[in-house]
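For reference, the chains in residue letters:
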Amino acid sequence: MTSEITRRDVLTLGASAVALAATGAKPAHADINAADVAAPSLPIEKGASLRMLRPVRFVQPDEDVFRANAKRFTEKTGVEVKVDFVGWEDISQQTAVTANSGAGPDIIIGFSDAPHIYVDKLIELSDIADYLDKRYGGWLPLALRYGRKNKSNVWIGLPFGASSGPLVYRKSIIQAAGYDKVPDDHAGFLALCQKLKAAGKPAGFALGNAVGDGNGFASWLLWSHNASLLDEEGNVIINSKETVTALKYLKELYPTFIAGTTSWNDVSNNRAYSAQDISLTANGVSLYFSLKNDPATKAIADDTEHQLIPKGLAPISPMAGLTLNAMVFKHSPYPNAAKAFLQFMLEKEQYEPWLNANSGYWAQPLAAYADAAVWSGDPKVKIFKDTMKSTYYNGYKGPISTATGAVNADYVLVQMCASVATDAATPEAAAAEAERRAKRYFRR
Amino acid sequence: MTDNVVSMSVTTLPSRRLVQRQPSWFARLLDYKPFLIVICLAPAVGLLTVFLTYPLGLGVWLAFTDATIGRRGVFVGLENFQYLLTDPLWWGAVFYSTLYTAIATFGKFALGFWLALLLNNHFPFKSVIRAIVLLPWIVPTVLSALAFWWIYDPQFSIISYLLVDVLHLRATNIDFLGSPWPARFSLIAANIWRGIPFVAISLLAGLQTISPSLYEAAMLDGATNWQRFRYITFPMMMPILAIVMTFSIIFTFTDFQLVYAITRGGPINSTHLLATLAFQRGIAGGELGEGAAIAVSMVPFLVFATLFSYFGLARRKWQQGEAND
């Protein structure tokens, strides 16, 4: 569930950063527990310089602090680091070109599955990953999943943070329906949605071609019924009785949504929620911030709460965070400098200010950073702290591959859900069709 | 005098020598016709090769491989095409592309021709209004698509707002894009809106080439308005109709921006055109080979549509001075 950035969001947060800089006030810092562990020896190559790409910021302080951290590395080691910020839509294509041409940036921070796709073009990062693991209380489950090669301890990516989309709801409306929070089971959730519909402030979840929100909802529906796209070996098992059960549940749930969610894209739920047309949806923290920072919608923000998405039959609230995942390419002439740089950026002197600067948009991959100052700020943002504790990921529960990302990008699961919701197909037929399409992507 | 003659001969001597000197190899080279042809054509051929032939050839080649983004493919023959023939989504895209092209082209020509006839009359501010009519065509498609996206929004549509909150004609918002058939026709309507100016202005240009004397003669013979349209305007417009229609069919069949910006092929793939499906599979889904195959599969349809409109409409015997049977 990608969060949408609004311009206002960026402006206001940018302005507050400027104000901070102007007054010379420093944001609060927390004490991060760091074990005394010997860092791996990484003799930096002579004359080394680095070029890296990373996705553009959510908020201006992200970029400012990241650049400041990189500058500190240059001051400390003499290694020039050139950081380029790339649009989210372009980063995977640029990674593909870099990997295939064997030229270009030394380091790329891509998204979730990228290191798994280009695994043979990357250098192993196990030494710094192990060091960070011991120093900062261990990598969280989502980081372990995205950072290491499938079923091994070989680190190919270094997660920098994750962003997720829990439930966002209007406290007063939920209370008026007779609940103090959203029920965690399917029957209770359905009953709540029915009451919200009757009250004229329904729930709304994207079932259109929305890469973030649509896939997030479809994945929740499957995972909370213990259905999944793949088994541990990577076989497509979407056509299962669990999937059919999940789709039958959706058939009951969908009529409680606001009309038109089959045409929703990633911003539609933000707009409908801000316009007070819906009282319950799932989204990243950006929705809350955009409401909070606009005086016209401040009241809605005050009435807004976040909650983990219902567990259903799953052991934990099943959602997958979009993960920033750093990788170092074999073609880099300065692998030690690159590794030293990534390690430097994840050390507490650099990482905590960066995490705080992101005000909750990204959550840490290492357990010790749960004490970061950002999580003791606005209580409504605190829920995002545990994003990377999730054991669910895109392509759960198989190995991560190109095809898992492709199935998401091609909306295979979203369309399976939408076709059942709108009575275009029976649950059985929809599951079979999803299996056919997924198998095509997983044929090699 | 003699002095003068002598001095003249002295001064002209060098210039005469210059004329007699053989032209340099470079000048001779430039006079050599085959060389000149090569030199003058090279930039054009180079540009076409680099920016047209190579990408086109690469696209066709990719259609026969299983390339993905991030991985070089191997030749797989017709495998991609065989898969597409068994893929209901591809058939759906073929169906909608054909429907979209047929209805949108008909709509654009009916309304565009009508608009052209209206604009061909004399009225105040003629040039200004003709310029304004072009606006939907001039505005970048993505911008107009975004406008339509708002117009068709399930929650914030201006049309729903007028019908529900202002005129109280309906109790609920219209769900333009939420189910297949309304979504399909909503997109067709947007395409017609966008395409009318092109047709209207092109046909207006054609209308103005028809000699007024033909109409005067017809009026003297007592022809009605309809007869003048049917037996003078329409036949005289046939050649330009054929060309404009050929272009219009190609533009419509290969449309991408409008659909991608408004529905991304949804809901449930009901509004995928072949172009959007090719992008969806090839770039978003990463299956370059399959995406290229979908794009290549458009070619036969385009060739057929072009031949149909060109030969069906343009080649009339009367244009070659024979009877029209």
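Cut-offs applied
Per chain, residues are indexed from 1 in the order of the written sequence. Chain letters and ligand numbers both follow the written order, the letters beginning at A and the numbers at 1. Residue-level local features of this predicted model are given only where pLDDT is at least 70; pairs of side-chain atoms are given and counted only at 80 or more, and the full residue set underlies all totals for whole chains, interfaces and linings. Each helix is a run of H or I in the DSSP string that is no shorter than four residues. Each strand is a run of E no shorter than two, and both are numbered from the N terminus. Our radius of gyration looks at C-alpha atoms and nothing else; its globule reference is 2.2 Å times the residue count to the power 0.38. The exposure scheme places C-beta atoms from the backbone and then counts, for each residue, the other C-beta atoms within 10 Å of its own, assigning buried at 20 or more, exposed at 12 or fewer, and partly exposed in between. Residue pairs qualify as contacts under a 7 Å threshold applied to their C-beta atoms, which are placed from the backbone. Pairing between two strands is assigned when DSSP locates at least 2 bridges connecting them. Here, axes are lines fitted to C-alpha atoms. For helices the fit covers the stretch in contact, and angles between N-to-C directions go from 0 to 180 degrees. For this entry, the nonpolar core is defined as buried Ala, Val, Leu, Ile, Met, Phe, Trp, Tyr and Cys residues connected by C-beta atoms within 7 Å. Oblique is the label for any angle not under 35 degrees, not over 145, and not in the 65 to 115 range, which are roughly parallel, roughly antiparallel and roughly perpendicular in turn. Here a crossing is called left-handed whenever its near helix is offset anticlockwise from the far helix by less than a right angle, and right-handed whenever the offset is clockwise. Following the grouping adopted for this structure description, the nonpolar residues are Ala, Val, Leu, Ile, Met, Phe, Trp, Tyr, Cys and Pro, the charged ones are Asp, Glu, Lys and Arg, and the polar ones are all others, Gly among them. Segment limits for the domains were obtained from an automatic or database-derived domain assignment. Our arc is simply the arc of the directions from the helix axis toward the C-beta atoms. To estimate how far a helix should reach, multiply one less than its number of residues by 1.5 Å.

Caption draft 1: Seen up close, the overall build of chain A. A tally of regular secondary structure across chain A gives 18 helices and eight strands. Since a compact globule built from 444 residues should have a radius of gyration of about 22 Å, the 22 Å found for chain A is in line with a globular shape. A principal-axis box enclosing the C-alpha atoms of chain A has dimensions of 65 × 55 × 35 Å. By the burial criterion, 55% of the 444 residues in chain A qualify as buried. Across chain A, the fraction of contacts at a sequence separation of at least 24, relative to all contacts at a separation of at least 6, is 78%.

Caption draft 2: Highlighting the sheet that holds strand 6 (residues 280-282) of chain A. Residues and elements named next belong to chain A. Judged by pairing direction, the sheet is antiparallel, and its three strands sit side by side in the order 6-5-7 without closing on themselves. Two strands bound the open sheet, and with one partner strand each, they are strand 6 and strand 7 (304-307). With strand direction ignored, the average angle separating the axes of adjacent strands in the sheet is 25 degrees. Across three bridges, strand 5 (residues 167-170) lies against strand 6 in antiparallel orientation. Bridge pairing in strand 6 links tyrosine 169 to leucine 280.

Caption draft 3: Summary view of the nonpolar core. Formed by 137 residues in total, the largest nonpolar core has its most connected members in Phe341, Leu413 and Cys417 of chain A. Sequence-distant contacts of cysteine 417 of chain A, that is, excluding residues within four places in its chain, are made with Leu207, Ala218, Leu221, Leu247 and Leu250 of chain A. Core analysis: the next-biggest nonpolar cluster, separate from the first, contains 53 residues, Trp90, Phe176, Ile188 and Ile196 of chain B among them.

Caption draft 4: How the structure looks around the packing of helix 3 (residues 33-63) of chain B against helix 15 (residues 288-296) of chain B. Residue and element names in this part refer to chain B. With their axes 7 Å apart at the nearest point, helix 3 and helix 15 run at an angle of 115 degrees to one another. Of the possible angle classes, the one that applies to helix 3 and helix 15 is roughly perpendicular. Crossing angle aside, the handedness with which helix 3 passes helix 15 is left-handed. Counted together, Gly59, Val60, Leu62 and Ala63 of helix 3 and Leu288, Gly289, Ala292, Ala293, Ala295 and Val296 of helix 15 form the full contact between these two elements. Of the residues that constitute the contact of helix 3 with helix 15, the class distribution is eight nonpolar, two polar and no charged.

Caption draft 5: Quick peek at the packing of helix 5 (residues 88-119) of chain B against helix 12 (residues 225-253) of chain B. Residues and elements named next belong to chain B. For the pair helix 5 and helix 12, the least separation of the axes is 9 Å and the interaxial angle reads 140 degrees. Between helix 5 and helix 12, the crossing angle belongs to the class labelled oblique. Between helix 5 and helix 12 lies a crossing whose hand is right-handed. Every residue of helix 12 that contacts helix 5 at Ser97, Tyr100, Thr101, Ala104, Thr105, Lys108 and Phe109 is listed here: Met245, Ser248, Ile249, Thr252 and Phe253.

Caption draft 6: Structural view of the sheet that holds strand 3 (residues 107-111) of chain A. Residues and elements named next belong to chain A. Across the sheet, five strands lie side by side as 2-1-3-8-4; this open sheet has mixed pairing. Because the sheet does not close on itself, it has two edges, and the strands there are strand 2 (80-86) and strand 4 (158-163). Sheet twist, expressed as the mean angle between neighbouring strand axes with direction ignored, is 20 degrees. The pairing of strand 1 (residues 49-55) with strand 2 spans seven bridges and is parallel. Its bridge partner lying in strand 2, arginine 51 is registered against lysine 82.

Caption draft 7: The arrangement of the interface of chain B and chain A in detail. Each partner contributes to the interface: chain B provides 26 residues, whereas chain A provides 26 residues. Here the element with the most residues in the side of chain B that touches chain A is helix 14 (residues 274-284) of chain B; it accounts for three residues. The class makeup of the residues in the side of chain B that touches chain A is eight nonpolar, 14 polar and four charged.

Caption draft 8: Spotlight on the domain arrangement of chain A. All names here are of chain A. The domain architecture assigned to chain A consists of domain 1 (7-164 + 322-384) and domain 2 (167-319 + 410-441). For domain 1 versus domain 2, the separation of C-alpha centres amounts to 30 Å. Opposite the 12 residues of domain 1 that make contact, domain 2 presents 13 residues. Of all the elements, helix 1 (residues 7-23) adds the most residues to the side of domain 1 that touches domain 2, at three residues.

Caption draft 9: Inspection of the environment of leucine 30 of chain B at higher detail. Residue and element names in this part refer to chain B. Of note, leucine 30 is situated in helix 2 (residues 25-31). What makes leucine 30 partly exposed here is the crowd of 13 C-beta atoms within 10 Å. For the pair formed by leucine 30 and alanine 242, sequence separation is 212 residues and the distance between their alpha carbons is 43 Å.

Caption draft 10: Region of interest: the environment of aspartate 64 of chain A. Residues and elements named next belong to chain A. Along the chain, aspartate 64 falls in helix 2 (residues 60-77). Owing to 18 C-beta atoms within 10 Å, aspartate 64 belongs among the partly exposed residues under this scheme. Here the alpha-carbon distance between aspartate 64 and tryptophan 354, two residues 290 residues apart in the chain, equals 8.9 Å.

Caption draft 11: Here's a closer look at helix 8 (residues 141-151) of chain B. Residues and elements named next belong to chain B. Of the positions making up helix 8, those classed as buried are Ser144, Ala145 and Phe148. Buried residues of helix 8, seen end-on, are gathered within an arc of 105 degrees and therefore sit on one face of the element. For helix 8, the exposed residues set more than 90 degrees away from the buried face come down to Val142, Leu143 and Trp150. Residues of helix 8 that are buried sit in contact with helix 7 (135-138), helix 10 (180-207) and helix 13 (257-262).

Caption draft 12: Focus on unusual backbone geometry. Residue and element names in this part refer to chain A. Residues tyrosine 396 and lysine 397 are joined by a peptide bond in cis, for which omega reads -5 degrees. Relative to the assigned elements, lysine 397 resides in the loop between helix 15 (348-357) and helix 16 (402-409). Look at aspartate 423: it is not a glycine, yet its phi comes out positive at around 65 degrees. Within the fold, aspartate 423 resides in the loop between helix 17 (412-421) and helix 18 (427-441).

Caption draft 13: Broad picture of helix 2 of chain A. All names here are of chain A. An ideal rise of 1.5 Å per residue puts 26 Å on 18 residues; helix 2 measures up with 26 Å between its terminal C-alpha atoms. Along helix 2, the positions that sit buried rather than exposed are Pro61, Asp62, Val65, Phe66, Asn69, Ala70 and Phe73. Around the axis of helix 2, the buried residues are gathered within 165 degrees of arc, so they sit on the same side. Phi turns positive one or two residues past the end of helix 2, at glycine 78, with a value near 80 degrees.

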